[in-house]
Amino acid sequence: MPAAHATIPTTSASRYLQQLCKHWSHKFAVTFTPQHGTIPFDDTRVCTLDASPIRLALRIEAADDATLERTQGVVIEHLKRFAFREEFGDVVWKRAA
């Protein structure tokens, strides 16, 4: 399965992780703590989040490249809505090995 990861510097990582997880918990079987979350969008797409005091790490796995890119966009779009007070600029995704 193709995968990609991104790291976003922020001191509000835990808050954003929890907001994203709570947002999608109404539709998906989301699990999370203040430091780690998993959003299984379906059988072919999953987003894993890890928060530290200085950054939010995101990892997305998907069935194919097109689904991976689309899911990356959806996750970042939602994150930017929740984090409207911060400017993340262009989030750089790197392919996971």
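Before any of the text, the structure's been laid out above.
Residues numbered from 1 in each chain as written. Predicted model: local features only at pLDDT ≥ 70, side-chain atom pairs only at ≥ 80, totals over all residues. Heavy atoms only, no water.

### With respect to the sheet that holds strand E1 (residues 3-9)
Heads up, the rule is: Here a strand pair is declared whenever DSSP counts at least two bridges between the two strands. For the purposes of this entry, the term helix denotes a DSSP run of H or I that reaches at least four residues, the term strand denotes a run of E that reaches at least two, and both are numbered from the N terminus. In what follows, residue pairs with any heavy atoms lying within 4.5 Å of each other are defined as contacts. Here an axis means a line fitted to C-alpha atoms, over the contact stretch when the element is a helix, while the angle between two N-to-C directions is reported on a 0 to 180 degree scale.
The sheet built from six strands is open, its strands ordered E2-E3-E4-E5-E1-E6 with antiparallel pairing. What marks the edges here is a single partner per strand, and that holds for strand E2 (31-32) and strand E6 (94-95). Of the strand pairs in this sheet, E1 and E6 are connected by two bridges, and their pairing is antiparallel. Across the sheet, residue histidine 5 finds its bridge partner in E6, namely lysine 94. Running at roughly 150° to strand E5 (residues 55-62), helix H2 (residues 65-82) makes contact with E1, strand E3 (36-42), strand E4 (45-51), E5 and E6 of the sheet.

### Some details on H2
The α-helix advances 3.6 residues per turn, and as a result positions three or four apart in sequence lie on the same side. Heads up, the rule is: The span you would expect from a helix comes to 1.5 Å times its residue count less one. Buried residues are those whose accessible area, probed at 1.4 Å on protein chains only, stays under 20% of the maximum for their type, while exposed residues exceed 50% and partly exposed ones sit between those limits. The directions from the helix axis to the C-beta atoms form the arc being described. As used in this structure description, the phrase polar contact means that two N or O atoms lie within 3.5 Å; if the pair is within protein, one of them must be able to donate a hydrogen and the other to accept it, and residues adjacent in sequence are counted only when both atoms belong to side chains.
Between its first and last C-alpha atoms H2 spans 26 Å; for 18 residues at 1.5 Å apiece the expected length is 26 Å, and the two agree. Regarding H2, the residues found buried are Thr67, Leu68, Thr71, Gln72, Val75, Ile76, His78 and Leu79. Projected down its long axis, H2 shows its buried positions confined to an angular sector of 160°, all on one face. The exposed set on the far side of H2, more than 90 degrees from its buried face, consists of Glu69 and Arg70. For H2, the secondary structure elements touched by its buried residues are E1, helix H1 (13-24), E3, E4, E5 and E6. Near the N-terminus of H2, the side chain that reaches the backbone nitrogen of alanine 66, with its oxygen 3.2 Å away, is that of aspartate 64.

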